[in-house]
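Spelled out from the first residue to the last, the chains are:
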Amino acid sequence: MKYKIFFTVLMAALITFTSPITSVWASDSISAYMGFSREVNEALAQQIQDKLGIEVKNITLSWGEIWARLKTESPRFNADMVLSFGASEAINGAKKGYYEAYQSPGWDGIDDAFKSKDGTYYALGTFSFLLLGNTKKLAEKGYEMPKSYKDLLDPKWKGQIVIPSPRTSGTAFMINYSFLQLYGEKAGWEYLTKLNENVAFYTKSGNAPTDLVGRGEYLLGLGADENVLKRIKDGYPLIWSVPEEGIGYEGNYCTILKGTKKLDLCKKVMDYLGSEEISHFLGSMGYIPPRKGSISALYGEVQPKFIKLDHAWAVKNKRKVVKMWKSKFLMKETPKARKVGDEKEKKAAAQE
């Protein structure tokens with residue numbers, strides 16, 4: 001009986017003394033829509049928690065999915081922040097009043113190109129798309145990596161190229177408008193039409209081609225650069241290259257969503273995202289970070305050749321570009337990409 005009484009008292013004491021701690025810990029958390037790859041999202045969330053003691057409840061989505069959610073949920077968002085989406089989403093969301101303006105001191109000393117004037121969004125450096133190949137499969141075929149995008153039109157690559165769909169992937173939209181600006185709109189669509197003849201299918205995410213090519217399911221792909229370094233370290237027979245014309249690039253934008261009840265925590269996170277520590281962290285993952293002095297582990301000290309891009313044009317013409325792409329290439333979307341793309345379009349139509 002004595003042991004039973006002692007146990008009851010002990011449990012009551014534990015509940016009494018641990019409840020405030022649990023409550024405080026629960027309050028030191030935010031939720032975020034995160035558009036990096038799942039692995040990068042988890043690593044970044046852990047980095048923030050280790051440094052700031054703020055748990056980031058990570059909701060991994062493609063850029064297109066994030067934008068669809070923001071439009072559906074406005075003005076009562078189901079997340080506190082967005083960590084990584086594209087220029088189109090950042091600029092259009094700012095125009096719609098989706099984001100909290102915050103002039104973060106953590107971003108002092110970073111070039112103005114990486115932040116909006118009113119503090120509604122900041123860019124966690126840039127990411128690009130790359131031409132990807134499987135070294136083992138290429139060697140078996142006796143093929144070399146293409147040196148130019150025009151080389152991808154060779155009939156020998158028929159059914160051996162995978163690319164993401166711009167209806168669901170921000171990377172894919174970047175790929176498409178990069179070609180439209182590289183060659184001009186008319187010639188750009190003509191190029192994409194010819195390229196489509198060699199494409200096996202279009203994937204939901206920009207990282208999917210990395211894994212498909214890395215596993216040897218396809219010889220070549222155009223995909224995001226963010227998981228390439230890790231897959232090579234994992235032992236995938238993966239090779240990447242920057243074709244002679246260059247590669248497209250985009251910003252990984254982050255923002256605080258208006259109406260969050262955890263504004264102070266979000267501000268702390270935003271301040272930390274501008275730190276040298278985070279720039280080094282992103283550089284170690286292969287990105288080209290925003291703060292000078294931080295080196296990309298994928299590209300090294302010398303930046304790759306970039307295609308000259310007008311991002312404002314891309315933002316303005318996104319709907320037109322995606323609509324045109326759909327009219328030409330929809331039949332080769334994967335079932336998953338088709339499902340997500342259709343759901344996005346239905347939601348967008350319901351809001352108009």
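In this report, the structure presented in the accompanying data block is examined. Values in this document were obtained by computation on a predicted structure and should not be read as measured data.

Considering the overall build of the protein
When you go through the protein residue by residue, the secondary structure sums to 14 helices and nine strands. A compact globule built from 352 residues would reach a C-alpha radius of gyration of about 20 Å, and the protein, at 22 Å, matches this within 12%. Over its C-alpha atoms, taken along the principal directions, the protein stretches across nearly 85 × 45 × 45 Å. Buried residues in the protein amount to 52% of all 352 residues. Summarising the internal contacts of the protein: among those between residues at least 6 apart in sequence, 76% fall at separations of at least 24.

Regarding helix H11 (residues 276–284)
Turning to H11, its buried residues number three or more, namely Ile 278, Ser 279, Phe 281, Leu 282 and Gly 283. As for H11, its buried residues are in contact with helix H2 (38–52), strand E4 (122–134) and helix H10 (263–273). Once H11 ends, the next one or two residues include Gly 286, with phi positive near 110 degrees.

Considering the pairing of strand E9 (residues 249–256)
Counting buried positions along E9 gives seven out of eight residues, so the element sits mostly inside the fold. Where E4 lies against E9, five bridges are found, and the strand directions are antiparallel. Residue pairing across strands places Thr 126 opposite Gly 251, the latter belonging to E9.

Things to note about the packing of helix H6 (residues 170–183) against helix H7 (residues 185–196)
Look at H6 against H7: their axes get within 6 Å of each other, and the N-to-C directions meet at 125 degrees. By the angle between their axes, H6 is oblique relative to H7. When you trace H6 past H7, the crossing you get is right-handed. Contacts from Asn 176, Phe 179, Leu 180 and Tyr 183 in H6 reach Glu 185, Ala 187, Gly 188, Trp 189, Tyr 191 and Leu 192 in H7.

Topic: the side chain of Asn 134
Position of Asn 134 among the secondary structure elements: in strand E4. Residue classification places Asn 134 among the buried residues on the basis of a relative accessible area of 1%. In this structure the side chain of Asn 134 is engaged in a polar contact, spanning 2.9 Å, whose partner is the backbone nitrogen of Lys 137.

Topic: unusual backbone geometry
Cis peptide bonds are those with omega within 30 degrees of zero, and the linkage from Ser 74 to Pro 75 qualifies with 5 degrees. Take Pro 75: it is sitting in the loop between helix H3 (63–73) and strand E3 (81–85). Here the phi dihedral of Ser 84 falls at roughly 95 degrees; this positive angle occurs in a residue that is not glycine. Counting through the fold element by element, Ser 84 comes out in strand E3. On the basis of relative accessibility, which here comes to 0%, the residue Ser 84 falls in the buried class.

Quick notes on the rules
Residues numbered from 1 in each chain as written. Predicted model: local features only at pLDDT ≥ 70, side-chain atom pairs only at ≥ 80, totals over all residues. Heavy atoms only, no water. Helix = DSSP H or I, 4+ residues; strand = E, 2+ residues; numbered from the N terminus. Rg over C-alpha atoms; globule rule 2.2 N^0.38 Å. Buried < 20%, exposed > 50% of the residue type's maximum accessible area, 1.4 Å probe, protein only. Contact = heavy atoms within 4.5 Å. Pairing = 2+ DSSP bridges. Axes fitted to C-alpha atoms, helices over the stretch in contact; angles between N-to-C directions. Parallel < 35°, antiparallel > 145°, perpendicular 65-115°, else oblique. Left-handed = near helix turned anticlockwise from the far one by under 90°. Polar contact = N/O pair within 3.5 Å; in protein donor to acceptor, adjacent residues only side chain to side chain.

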